[in-house]
Amino acid sequence: MTDASETAEATEAATRASYDTVAAAYEQLLRAELDARPLERALLAAFAELVRGPESGPVADLGCGPGRITAHLAALGLDAYGIDLSPGMIAVARERHPHLRFEEGTMGALALGDGKLSGAVAWYSTVHMGPELLPGVFAEIHRVLARGGRLLLAYKAGERVRHLDHAYGHPLSLDVYWVPPGEVEGLLRAAGFAVEARVTRRPDAGDGPRAGEQGFVLARKPVAVAGSEAGVLS
């Protein structure tokens, strides 16, 4: 077993245990959080408009937690479903949104065939992963997206790490990573994505005193140009 796989497994185990513990409280606290986030709603709406179409396929909310973003995407007309590594979060999501589909799974090893998704959203679901784990996760998302499929990534923008031993009213153990926007964009390009847009939002009163800047990236898996013998991508 390599050091990277050991690190990934340890990160998944800690994240799973922590979110199993806080699942119900997390859902209650963040249930209406998007209502006060016009920029975030606009980004999700733009993503949905770009992905939605008569021939579009499913869209996965990766690291869906209690399903609030999954439900928002479904309300925007997407065939959205959620994937999360926490059984506790999946149970809460299924109870809260019984009309939607939720599955257990990990972002680094998705139980999906190549090119099966028209879109993917990773809404702050990479924040507990060190930068050394992001290349593998981005490569896996790239693999499961169809050509022309899009990824919307929300993350914490900066360069620091904070350890949490208490959150959402419960003891837990999680590291939270802020990653520079340029590094995130570079890692996405290295995984094969074309970056279409990058947004950084400064913290506001609703973020809390330690939140820092919030980053968002819209990226696309390139499509081979029709009739190109050289296999040029666009």
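A brief structural summary. Fair warning: this is a prediction, and the values are worked out from it, not measured in the lab.

Between helix 5 (residues 134-144) and helix 6 (residues 181-190), the least distance of the axes is 9 Å, while the angle of their chain directions is 50°. Regarding the angle of helix 5 to helix 6, the classification is oblique. Along this stretch, helix 5 crosses helix 6, giving a crossing that reads as right-handed. Only Val184, Leu187 and Leu188 of helix 6 make contact with helix 5, whose side of the interface consists of Leu134, Pro135 and Phe138. Class assignment for the residues of the contact of helix 5 with helix 6 results in six nonpolar, no polar and no charged.

For the rest of this paragraph, the subject is the sheet that holds strand 1 (residues 59-62). Sheet strands associate in pairs through backbone hydrogen bonding, adopting either a parallel or an antiparallel arrangement. Within the open sheet, the seven strands sit side by side as 3-2-1-4-5-9-8. Their pairing is mixed. Each edge of the sheet is formed by a strand with only one pairing partner; in this case those strands are strand 3 (102-104) and strand 8 (194-201). Strand-to-strand twist of the sheet, defined as the mean angle between neighbouring strand axes without regard to direction, takes the value 15°. With seven bridges connecting them, strand 8 and strand 9 (residues 213-220) associate as antiparallel partners. Paired with valine 199 across the strands is phenylalanine 216, a residue of strand 9. On the sheet, helix 6 packs against strand 5 (145-157), strand 8 and strand 9 and is oriented at approximately 160° with respect to strand 8.

Bringing the pattern of salt bridges into the picture now. A pair can form between side chains of opposite charge whenever their charged atoms are brought close. Under the counting rule described, the total for this entry stands at 12 salt bridges. Notably, a salt bridge pairs glutamate 33 with arginine 37, separated by 3.0 Å at the nearest N-O pair. Look at glutamate 33 and you get partly exposed, because its relative accessible area is 24%. Looking at arginine 37, the relative accessible area reads 6%, which means it is buried. The partner of arginine 143 in a salt bridge is aspartate 114, and the shortest N-O contact between them spans 2.7 Å. Note that arginine 143 is positioned in helix 5 and aspartate 114 in the loop between strand 3 and strand 4 (117-123), a separation of 29 residues in sequence. Judged by its relative accessible area of 25%, arginine 143 is partly exposed. Three or more residues are tied together by salt bridges with common partners; here these are Glu27, Arg31 and Arg96.

Basis of the calculations
Residues numbered from 1 in each chain as written. Predicted model: local features only at pLDDT ≥ 70, side-chain atom pairs only at ≥ 80, totals over all residues. Heavy atoms only, no water. Axes fitted to C-alpha atoms, helices over the stretch in contact; angles between N-to-C directions. Helix = DSSP H or I, 4+ residues; strand = E, 2+ residues; numbered from the N terminus. Parallel < 35°, antiparallel > 145°, perpendicular 65-115°, else oblique. Left-handed = near helix turned anticlockwise from the far one by under 90°. Contact = heavy atoms within 4.5 Å. Nonpolar A, V, L, I, M, F, W, Y, C, P; charged D, E, K, R; others polar. Pairing = 2+ DSSP bridges. Salt bridge = Lys/Arg side-chain N within 4 Å of Asp/Glu carboxyl O. Buried < 20%, exposed > 50% of the residue type's maximum accessible area, 1.4 Å probe, protein only.

This is a description of form; function is not addressed.
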